Amino acid sequence: MGKWFFKTYQFLLRNKIASAMLLLLLLFGLVVIVSKIRFEEDISKLIPINEDAQDLQKVLETVNFTDKIIVNIHSNDSVDKAHLTAYASEFLDSLNSQAGNYIKNVRGKVNEDDLQRTMDFVYENLPLFLESEDYKKIAAKLHKDSISAITEANYRTLISPSGIVSKNLILKDPLGLSFIALKKLRQLGINDNFILKDGFLVSKNERNILLFISPKYGSSETAENARFSERLYAIQNSINQKYNGTVNSELFGAALIAVANAAQIKNDIQFTVGIAIILLVVVFIFFYRKIYVPLVLFVPTIFGGLLAVALLAVLREEISAISLGIGSVLLGVTLDYSLHILTHIRNNETLESLYKDVTEPILMSSLTTALAFLCLLFLDSQALQDLGIFAAVSVLGASVFALFF
């Protein structure tokens with residue numbers, strides 16, 4: 001094996017310009033492939049993808065409530081209650097104008113049209129809501145004095161400001177039979193802890209308003225949700241400053257959590273890899289007393305990493321960013337091959353003896369390490385499978401490239 005690598009080295013040495021061009025072309029091709037890669041920061045990819053987990057994931061994806069972003073708007077006890085609904089109205093207006101293309105709909109505010117449709121539905125299906133005891137109440141409403149009292153109450157309502165809203169309802173249902181049916185709907189589970197005020201779902205103490213935002217994009221689409229969450233938090237901060245802390249809001253939701261997880265993963269990867277590279281460069285400069293040596297040592301590592309990511313880009317549509325973050329520990333492993341070769345060079349060995357001594361140990365070491373990582377392919381977690389491929393190809397690519405380089 002050492003003789004073959006030595007002959008290949010001699011061939012490359014005789015064709016320096018062509019070899020350098022081939023190397024640059026190869027690196028350029030790998031960079032182009034890697035630049036088109038799509039990273040996936042979904043932490044759920046660490047979960048095994050067996051049959052039970054797939055059924056659970058399917059349930060979670062089809063449950064409509066899991067993708068909602070909940071906005072909890074709350075005020076201090078000393079604040080005018082009207083400020084709470086004013087805050088909610090401004091929040092909705094800003095949301096529709098600044099982030100309307102990122103949302104499907106917002107629940108939590110009942111429009112007049114919704115109320116009218118509900119009353120129409122109840123009135124048109126009135127017999128389905130009534131029971132035998134309800135007909136006794138209706139019979140009592142048909143007495144002359146009862147009709148007179150109801151007519152007088154309707155007249156007062158019509159001449160009041162609220163008559164603009166209730167006019168159609170009174171004309172259609174002057175005896176108020178629909179309200180008997182509405183009481184039946186209330187028994188279906190509507191909580192007494194919330195009331196409707198100015199069209200909003202307000203807590204009984206009138207200190208909290210709940211809004212439910214349905215994002216257009218799923219929780220796993222972190223790129224789009226990152227832009228949406230940025231605008232959402234900007235709207236929140238802007239309105240919070242306007243109300244000077246008297247009325248505030250809190251945001252909860254799977255989409256926001258996914259964006260925060262993705263940002264944390266990226267920061268962790270950059271931090272760990274950055275610290276590792278800085279420490280290694282400092283140690284190498286201190287040991288070898290030369291600045292260019294660390295740069296030479298890192299070239300096989302960079303090549304191995306590019307080769308592994310490029311291969312994953314061909315095999316997968318998306319690559320787990322978590323797996324690449326864990327794979328940063330391979331920096332030390334892949335650098336060992338360059339260090340091993342450099343140590344033999346410093347001992348003034350001939351190139352032929354160098355290849356004879358180091359080729360088989362380096363290749364066997366990288367092969368056993370790669371096989372160990374490839375065992376992750378037998379697991380059901382896609383992120384760990386990506387890690388196995390990334391680590392194995394990185395180690396093998398770095399070791400072979402180090403022998404040539």
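From a predicted model like this one, the values you see are computed outputs, not experimental measurements.

Calculation criteria
- Residues numbered from 1 in each chain as written.
- Predicted model: local features only at pLDDT ≥ 70, side-chain atom pairs only at ≥ 80, totals over all residues.
- Heavy atoms only, no water.
- Helix = DSSP H or I, 4+ residues; strand = E, 2+ residues; numbered from the N terminus.
- Contact = heavy atoms within 4.5 Å.
- Areas by Shrake-Rupley, 256 points an atom, 1.4 Å probe, with all protein chains shown as cover.
- Expected span 1.5 Å × (residues − 1).
- Bend = angle between axes of the 7 residues up to and from the residue.
- Buried < 20%, exposed > 50% of the residue type's maximum accessible area, 1.4 Å probe, protein only.
- Core = buried A, V, L, I, M, F, W, Y, C linked by side-chain atoms within 4.5 Å.
- Axes fitted to C-alpha atoms, helices over the stretch in contact; angles between N-to-C directions.
- Parallel < 35°, antiparallel > 145°, perpendicular 65-115°, else oblique.
- Left-handed = near helix turned anticlockwise from the far one by under 90°.
- Phe/Tyr/Trp six-rings, centres within 6.5 Å; stacked < 30°, edge-to-face > 60°.
- Patch = residues over 30% accessible without salt bridge, like charges linked within 9 Å, V, L, I, M, F, W, Y side chains within 5 Å.
- Salt bridge = Lys/Arg side-chain N within 4 Å of Asp/Glu carboxyl O.
- Nonpolar A, V, L, I, M, F, W, Y, C, P; charged D, E, K, R; others polar.
- Lys, Arg positive; Asp, Glu negative; His and termini not counted.
- Polar contact = N/O pair within 3.5 Å; in protein donor to acceptor, adjacent residues only side chain to side chain.

## Topic: the overall build of the chain
From N to C terminus, the chain includes 17 helices and eight strands. Pairs at least 24 apart in sequence give 78% of the contacts found in the chain among residues at least 6 apart. As displayed, the chain offers around 24,400 Å² of accessible surface, 62% of which is attributable to carbon and sulfur atoms.

## Structural notes on helix H16 (residues 351-374)
Across its 24 residues, H16 extends 33 Å between first and last C-alpha, which sits within 8% of the 34 Å expected from 1.5 Å per residue. In the structure, H16 departs most strongly from a straight axis at Val358, where the bend amounts to approximately 35° and where the proline Pro361 lies between one and four residues downstream.

## Quick notes on the environment of Ala99
Looking at the secondary structure, you find Ala99 in the loop between helix H4 (82-98) and strand E3 (103-107). Taking relative accessible area as the criterion, Ala99 reaches 0% and is therefore assigned buried. Between the alpha carbons of Ala99 and Leu232 there is a distance of 7.4 Å; along the sequence they are 133 residues apart. Not counting residues up to four positions away in its chain, the partners in contact with Ala99 are Ser94, Phe228 and Arg231.

## Some thoughts on the nonpolar core
Judged by nonpolar contacts, the single largest core of 29 residues is most densely connected at Ile341, Phe390 and Leu403. Of all the elements in the fold, those that place two or more residues in this core are helix H1 (2-14), helix H2 (16-35), helix H13 (292-315), helix H15 (330-346), H16 and helix H17 (382-404). Once residues within four sequence positions are removed from consideration, Leu403 is found in contact with Phe5, Ile341, Tyr355, Val358, Thr359, Ile362 and Leu363. If you look at the next biggest cluster of nonpolar residues, it comprises 27 residues, including Ile209, Leu211, Phe228 and Leu256.

## Considerations on the packing of H2 against H13
Where H2 contacts H13, the two axes come as close as 9 Å, and the packing angle between them is 45°. In this view, H2 runs oblique relative to H13, as classed from their interaxial angle. As H2 runs across H13, the sense of the crossing is left-handed. Judged by residue contacts, Leu26, Leu27, Leu30, Val31, Ile33 and Val34 of H2 engage Phe303, Leu306, Leu307, Val309, Ala310 and Ala313 from H13.

## So, the packing of aromatic side chains
Using the criterion set out here, one finds four aromatic pairs in the structure. Taking the centre distance of 5.8 Å and the plane angle of 20° together, the rings of Tyr102 and Phe228 count as stacked. With Tyr102 in the loop between H4 and E3 and Phe228 in helix H11 (residues 222-243), the pair connects residues that are 126 residues apart, well separated along the chain. There is no split in this pair, since Tyr102 and Phe228 are both buried. Plain terms: the ring middles of Phe303 and Phe401 are 4.3 Å apart, the flat faces sit at 20° to each other, and that makes the pair stacked. Of this pair, Phe303 sits in helix H13 while Phe401 is found in helix H17, placing the two residues 98 residues apart along the sequence. With respect to burial, Phe303 and Phe401 carry one shared label: buried.

## Considerations on the side chain of Ser75
The residue Ser75 is located in strand E2 (residues 69-75) in this model. Non-local contacts of Ser75, meaning those with residues more than four positions away in its chain, are made with Leu84, Glu206, Arg207, Thr246 and Val247.

## Describing a nonpolar patch on the surface
Together, Met364, Leu367, Leu371, Leu374, Leu377 and Leu396 make up a nonpolar patch on the protein surface, roughly 480 Å² of accessible area in all. Mapped onto the secondary structure, Leu367 falls in helix H16.

## Topic: the packing of H13 against H17
For the pair H13 and H17, the least separation of the axes is 7 Å and the interaxial angle reads 140°. Here H13 lies oblique to H17, going by the angle between them. Considering only the axes of H13 and H17, their crossing is right-handed. In this structure, H13 contributes Val299, Pro300, Thr301, Phe303, Gly304, Gly305, Leu307, Ala308, Val309, Leu311, Leu312 and Leu315 to the contact, and H17 contributes Asp386, Ile389, Phe390, Val393, Ser394, Gly397, Ala398, Phe401 and Ala402. Split by residue class, the contact of H13 with H17 holds 15 nonpolar, five polar and one charged.

## With respect to the side chain of Asp173
The topology assignment puts Asp173 in the loop between helix H9 (163-172) and helix H10 (177-186). Comment: no salt bridge for buried Asp173; closest opposite-charge side chain is Lys141, at 8.2 Å. A distance of 3.0 Å separates a polar side-chain atom of Asp173 from the backbone nitrogen of Leu177. Those residues in contact with Asp173, other than ones at most four positions away along the chain, are Tyr123 and Ser178.

## Some words on the environment of Gly176
Note that Gly176 resides in the loop between H9 and H10. Residues Gly176 and Tyr123 lie 53 residues apart in sequence; the distance between their C-alpha atoms is 9.6 Å.

## Regarding the pattern of salt bridges
With the rule as written, the count across this model stands at three salt bridges. Between Lys242 and Glu90 there is a salt bridge, with its nearest N and O atoms 3.0 Å apart. Of this pair, Lys242 sits in helix H11 while Glu90 sits in helix H4, and the two are 152 residues apart along the sequence. Notably, a salt bridge pairs Glu152 with Arg156, separated by 2.5 Å at the nearest N-O pair. Separated by four residues within a single helix, Glu152 and Arg156 lie in helix H8 (residues 144-159), roughly one turn from each other. For Glu152, a relative accessible area of 42% corresponds to the partly exposed category.

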